[in-house]
Amino acid sequence: ERPDALPYDLAGVRVVISAGGTREPLDPVRYLGNHSSGKQGFALARAAAQRGATVTVVAGSTADPGDPAGVDIVRVSNAQHLADEMTKRAAEADVVIMAAAVADFRPIAFAESKIKKTDSGPAPIELTTNPDILRGLVTGREAGRIPADTVIVGFAAETGDETGGVLDHGRAKLRRKGCDLLVVNAVGEGKAFGTEDNTGWLLSAAGTETALPLGSKTLMSSRILDEVRELLTDGDN
Ligand code: CTP
Ligand code: CA
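Just so you know, these numbers come straight off a predicted model, no measurement behind them.

S.K.: Is there a simple way to think about the overall build of the protein in this case?
M.R.: When you go through the protein residue by residue, the secondary structure sums to five helices and twelve strands. At 18 Å, the protein has a C-alpha radius of gyration in line with the 18 Å of a compact globule built from 237 residues. Projecting the C-alpha coordinates of the protein onto the three principal axes gives extents of approximately 65 × 40 × 40 Å. Taking all 237 residues of the protein together, 44% fall into the buried category. Here the contacts in the protein between residues at least 6 apart in sequence split such that 63% fall between residues at least 24 apart. Measuring between centres, the 26 positive side-chain charges of the protein sit 4 Å from its 33 negative side-chain charges.

Here it is, written out as structure tokens:
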């Protein structure tokens, strides 16, 4: 039951969206994870499918947002699995959206058997940095492994700090990542994680900066897809 107001303008467009958090295993029973609910990624998937797109969601850990109708869902656990799936699927996508909360770090070693308590107390956990999937997609496109006209969208959750505000951090991240669009979420004080509403900015590589007013993740999704649609049109898609 598509609301009449919703445009049907993504027919035939192949969209791949990552959603949720990654879980970085420590031993067979433990992992490092985060509180990502997957709601934003799933809201995007639902909105894109309603607008006619062929949608695949590559989902890590989520707070069971309910599987959207007409959307393919692939489940992954850690960042490496997510990287593999996204890289493979981006080669055949018109739009790739990295809405997942990818763990920046993972334990350097996986203990094959459960780590036991000892009298000497716990050993420190050594971490190493995960691959930057979004950056990898952009460099993959530059190298021709992903079509030149594939639109790549990233997300950023920022709080602002003594070096700059949310928007400053967003601009710097857009430059660093090299994606076409960056959705910048203002987070902190109960915002974003697990909540229904988001607020922030939509920054484009072309330099446009659109405020995303406080609204539901559904509304935010349609704003993002409007801009994606524009980029597809620009590329004669
Ligand atoms: N991302 C990714 N691979 C990672 C980390 C992040 O693809 N290893 C993606 C996220 O899915 C998001 C974007 O990069 O679309 C920005 O994530 P964010 O955590 O805000 O940026 P980082 O580059 O990890 O920088 P930091 O956490 O230090 O702000
Ligand atoms: Ca990060």
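S.K.: Help me out: how do you make sense of the site of ligand 1 in this one?
M.R.: Neighbouring ligand 1 are 14 residues, the closest being M98, A100, L134, K173 and K177. Here P131 contributes a backbone N or O atom positioned 2.8 Å from a nitrogen atom of ligand 1. At a separation of 2.9 Å, an oxygen atom of ligand 1 approaches a polar backbone atom of F155. For the shell around ligand 1, the secondary structure elements donating two or more residues are α3 (133–142), β9 (151–158) and α4 (166–177). Among the elements that line the shell around ligand 1, the one with the most residues is β9, at four residues. Here the shell around ligand 1 is composed, by residue class, of nine nonpolar, one polar and four charged.

S.K.: Hey, could you run me through the coordination of the calcium ion (ligand 2) in this one?
M.R.: Four donors placed tetrahedrally about a metal ideally form angles of 109.5 degrees, and six donors placed octahedrally ideally form angles of 90 or 180 degrees. Of the protein atoms, only D104 (OD) and D104 (OD) coordinate the calcium ion (ligand 2), at distances of 2.5 Å. Along the chain, the position of D104 falls in the loop between β6 (95–98) and β7 (105–107).

S.K.: What is the right way to read the pattern of salt bridges from this model?
M.R.: When their charged atoms lie close together, side chains carrying opposite charge are able to pair. Summed over all chains, the structure comprises eleven salt bridges. For D226, the salt bridge identified is with R51, shortest N-O distance 2.8 Å. Of this pair, D226 sits in helix α5 (residues 217–234) while R51 sits in the loop between α1 (39–50) and β4 (54–59); the two residues are 175 residues apart in sequence, bridging distant segments of the chain. We classify D226 as partly exposed; its relative accessible area is 35%. Take R51: its relative accessible area is 1%, and that puts it in the buried class.

S.K.: I'm lost on the nonpolar core in this one. Help?
M.R.: In summary, soluble globular proteins display a tendency toward joint burial of nonpolar side chains. Counting 30 residues, the largest nonpolar core has V55 and I97 as the members making the most contacts within it. Broken down by secondary-structure element, the contributors of at least two residues to this core are β1 (14–19), α1, β4, β6, β9, β10 (181–186) and α5. With near-sequence residues (within four places) excluded, V55 lies in contact with V15, I17, A45, A48, A49, V71 and D72. V74, L134, V138 and C179 belong to the second largest nonpolar core, which has 27 residues in total.

S.K.: Please clarify how the packing of α1 against α5 should be interpreted in this entry.
M.R.: Packing of α1 against α5 leaves a shortest axis separation of 9 Å and a crossing angle of 60°. By the angle class used here, α1 and α5 are oblique. Crossing of α1 over α5 shows right-handed handedness. Packed against α1, whose contacting residues are K39, Q40, A43, L44, A47 and A48, the element α5 presents K217, T218, M220, S221, I224 and L225 at the interface. Here the residues of the contact of α1 with α5 sort into seven nonpolar, three polar and two charged.

S.K.: Please clarify how the pairing of β10 should be interpreted in this entry.
M.R.: Along a regular strand, successive side chains alternate from one face of the sheet to the other. Within β10, six of the six residues are buried, which leaves it mostly tucked inside the rest of the structure. Side chains L181, V183 and N185 project from β10 onto one buried face, and the interleaved L182, V184 and A186 project onto a second face that is buried too. Pairing geometry for β9 and β10, over six bridges, is parallel. Bridged to A156 within β10 is V184. Handedness of the crossover joining β9 and β10 through α4: right-handed.

S.K.: Even after reading the chapter, I still don't get the side chain of Q40, so can you show me in this structure?
M.R.: On the secondary structure map, Q40 appears in helix α1. A distance of 3.5 Å separates the side chain of Q40 from the backbone oxygen of K217, its partner in a polar contact. Only 3.1 Å separates the side chain of Q40 from the side chain of S221, close enough to count as a polar contact.

Reading the values: rules and limits
Residues numbered from 1 in each chain as written. Chains lettered and ligands numbered in written order. Predicted model: local features only at pLDDT ≥ 70, side-chain atom pairs only at ≥ 80, totals over all residues. Heavy atoms only, no water. Helix = DSSP H or I, 4+ residues; strand = E, 2+ residues; numbered from the N terminus. Rg over C-alpha atoms; globule rule 2.2 N^0.38 Å. Buried < 20%, exposed > 50% of the residue type's maximum accessible area, 1.4 Å probe, protein only. Contact = heavy atoms within 4.5 Å. Lys, Arg positive; Asp, Glu negative; His and termini not counted. Charge placed at Lys NZ, Arg CZ, Asp CG, Glu CD. Near = heavy atom within 4 Å. Polar contact = N/O pair within 3.5 Å; in protein donor to acceptor, adjacent residues only side chain to side chain. Nonpolar A, V, L, I, M, F, W, Y, C, P; charged D, E, K, R; others polar. Donors = N, O, S within 2.8 Å, 3.2 Å for Na, K, Ca; no water. Salt bridge = Lys/Arg side-chain N within 4 Å of Asp/Glu carboxyl O. Core = buried A, V, L, I, M, F, W, Y, C linked by side-chain atoms within 4.5 Å. Axes fitted to C-alpha atoms, helices over the stretch in contact; angles between N-to-C directions. Parallel < 35°, antiparallel > 145°, perpendicular 65-115°, else oblique. Left-handed = near helix turned anticlockwise from the far one by under 90°. Pairing = 2+ DSSP bridges. Right-handed = clockwise from strand over helix to strand, strands pointing away.

Purely geometric stuff here, so don't read any function into it on its own.
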